[in-house]
Amino acid sequence: DPPAYATANLFFTSDFVDMSATSMPNWHGWQHNRTVYKIQDGLILVMDNATSDKTSQPASLIWHLTGNGETIKNEMNLNNGRRAASMVWTESDTPFISRQAVPTNNTYLRSPEWELLYTSESNDVLRTSVAFLTQEYTKGDFDLAYIGENRAGILANWSFEESETQLLHNFNGKYVETDNL
C-alpha cells in the first residue's frame, strides 16, 4: 500500500503480471513516480522516477533490506535461511550504490539489517530500477539495462532453461528509441 501522502494512479492485475503506479507530488520539492510490476511466481520490478527544480543536492533513494547482504557486482543476496531471494540493479548504477549494515533494533518485528543507498548523478533527476528475484527467478540469468537517451526506458530480461521473461518500461510516456533491443 502506498503511504497516505502518495496517490495510486493506476492498478491492475492479470494472470501474468500485476502493476501499480503511484506518485508523490511535491514531496519536499520532488515529484516522485514509482511503478511496480509483480510477475507471477516471484519477480518484482520497481521503477523510480523523480524530478525537482528546487534542489542543489544529488537525489537519493534508500532501500531497507533484510537477509545475509552479500553483494557481488550488481546483486545483493537477501537469503534468510528459509528462502532464496536477491536484489538486482543495472550494472551502470553500481558506482552510485553504497551498502551499510544497520544496528539491530528490537522495536520492529522485522527490523532491516541493511541500507542500500542509491545517489543519482544528477541534482534534479533520479531514475533507477531494481528487481527482486524470488522462487524460480533466483535461478537463471537476469539483466536490467537502461535504453534510450537519458535513461528513457529500461529493459528487464530473465531466462532459465527454455523459459524467458522480458519487460520494457518507459519512464517518460514517450516512445523509447533504441537500435539494440
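Residues numbered from 1 in each chain as written. Predicted model: local features only at pLDDT ≥ 70, side-chain atom pairs only at ≥ 80, totals over all residues. Heavy atoms only, no water.

Undergrad: Outline the overall build of the protein, supporting the account with residue identities and numerical values.
TA: Summing up its helical and strand segments, the protein has zero helices and 14 strands in all. Along the protein, helices and strands appear, N-terminal first, in the series β-β-β-β-β-β-β-β-β-β-β-β-β-β. Within the protein, the proportion of its 181 residues that are buried is 39%. Contacts in the protein between residues at least 24 apart in sequence constitute 46% of all its contacts with a sequence separation of at least 6. (Helix = DSSP H or I, 4+ residues; strand = E, 2+ residues; numbered from the N terminus. Buried < 20%, exposed > 50% of the residue type's maximum accessible area, 1.4 Å probe, protein only. Contact = heavy atoms within 4.5 Å.)

Undergrad: Please give an account of the pairing of strand β2 (residues 17-27) that cites residues and values.
TA: Every regular strand shows the same layout, with side chains that alternate between the two sheet faces. Within β2, eight of the eleven residues are buried, which leaves the element mostly enclosed by the surrounding structure. Of the pairings in the sheet, the one linking strand β1 (residues 7-12) to β2 comprises five bridges and is antiparallel in character. Bridging across to β2, Phe11 finds its partner in Ser20. Hairpin geometry of β1 and β2 is characterised by an intervening segment of four residues between the two adjacent antiparallel strands. Across nine bridges, the pairing between β2 and strand β3 (residues 30-39) is antiparallel. (Pairing = 2+ DSSP bridges.)

Undergrad: For the side chain of His32, give the residues involved together with the corresponding values.
TA: With respect to the helices, strands and loops of the structure, His32 is situated in strand β3. At 2.8 Å, the side chain of His32 forms a polar contact with the side chain of Asp48. Discounting chain neighbours no more than four positions away, the residues touching His32 are Thr22, Ser23, Met24, Asp48, Asn49, Ala50 and Leu61. (Polar contact = N/O pair within 3.5 Å; in protein donor to acceptor, adjacent residues only side chain to side chain.)

Undergrad: Lay out the packing of aromatic side chains in plain terms, naming residues and giving numbers.
TA: For the structure on display, the rule yields two aromatic pairs. Ring plane angle 65° and centroid distance 5.3 Å describe the contact between Trp63 and Phe132, whose orientation is recorded as edge-to-face. In this pair, Trp63 sits in strand β5 (residues 60-65) while Phe132 sits in strand β11 (residues 125-134), placing the two residues 69 residues apart along the sequence. Phe132 shares its class with Trp63; the two are buried. Plain terms: the ring middles of Tyr137 and Trp158 are 4.4 Å apart, the flat faces sit at 50° to each other, and that makes the pair tilted. (Phe/Tyr/Trp six-rings, centres within 6.5 Å; stacked < 30°, edge-to-face > 60°.)

Undergrad: Please give an account of the pattern of salt bridges that cites residues and values.
TA: Pairs can form between side chains of opposite charge once their charged atoms are near each other. In the structure shown here, the tally under the stated rule is two salt bridges. A salt bridge links Asp48 to Arg34, with the shortest nitrogen-to-oxygen separation between them at 2.7 Å. Of this pair, Asp48 sits in strand β4 (residues 43-51) while Arg34 is found in strand β3, placing the two residues 14 residues apart along the sequence. By relative accessible area, Arg34 is classed as partly exposed at 27%. Close ionic contact of Asp93 with Arg151 constitutes a salt bridge, the shortest N to O distance being 2.7 Å. Of this pair, Asp93 sits in the loop between β8 (85-89) and β9 (97-101) while Arg151 sits in the loop between β12 (141-147) and β13 (153-160), placing them 58 residues apart in sequence. (Salt bridge = Lys/Arg side-chain N within 4 Å of Asp/Glu carboxyl O.)

Undergrad: Account for the sheet that holds strand β7 (residues 75-77), with residues named and values stated.
TA: Spatially, β1-β2-β3-β4-β11-β8-β7-β6 is the arrangement adopted by the eight strands of the open sheet, whose pairing is antiparallel. Both edges of this open sheet fall to β1 and β6 (71-72), since each of them pairs with a single strand only.

Undergrad: Describe the sheet that holds β13, listing the residues and the values that go with them.
TA: Pairing in this open sheet of three strands is antiparallel, and the strands run β12-β13-β14 from one edge to the other. Two strands in the sheet have a free side with no partner beyond their single neighbour: β12 and β14 (163-170). Along the sheet, successive strands turn relative to each other by an average axial angle of 10°, direction set aside. The pairing of β12 with β13 spans seven bridges and is antiparallel. The partner of Asp143 across the bridge, within β13, is Asn157. (Axes fitted to C-alpha atoms, helices over the stretch in contact; angles between N-to-C directions.)

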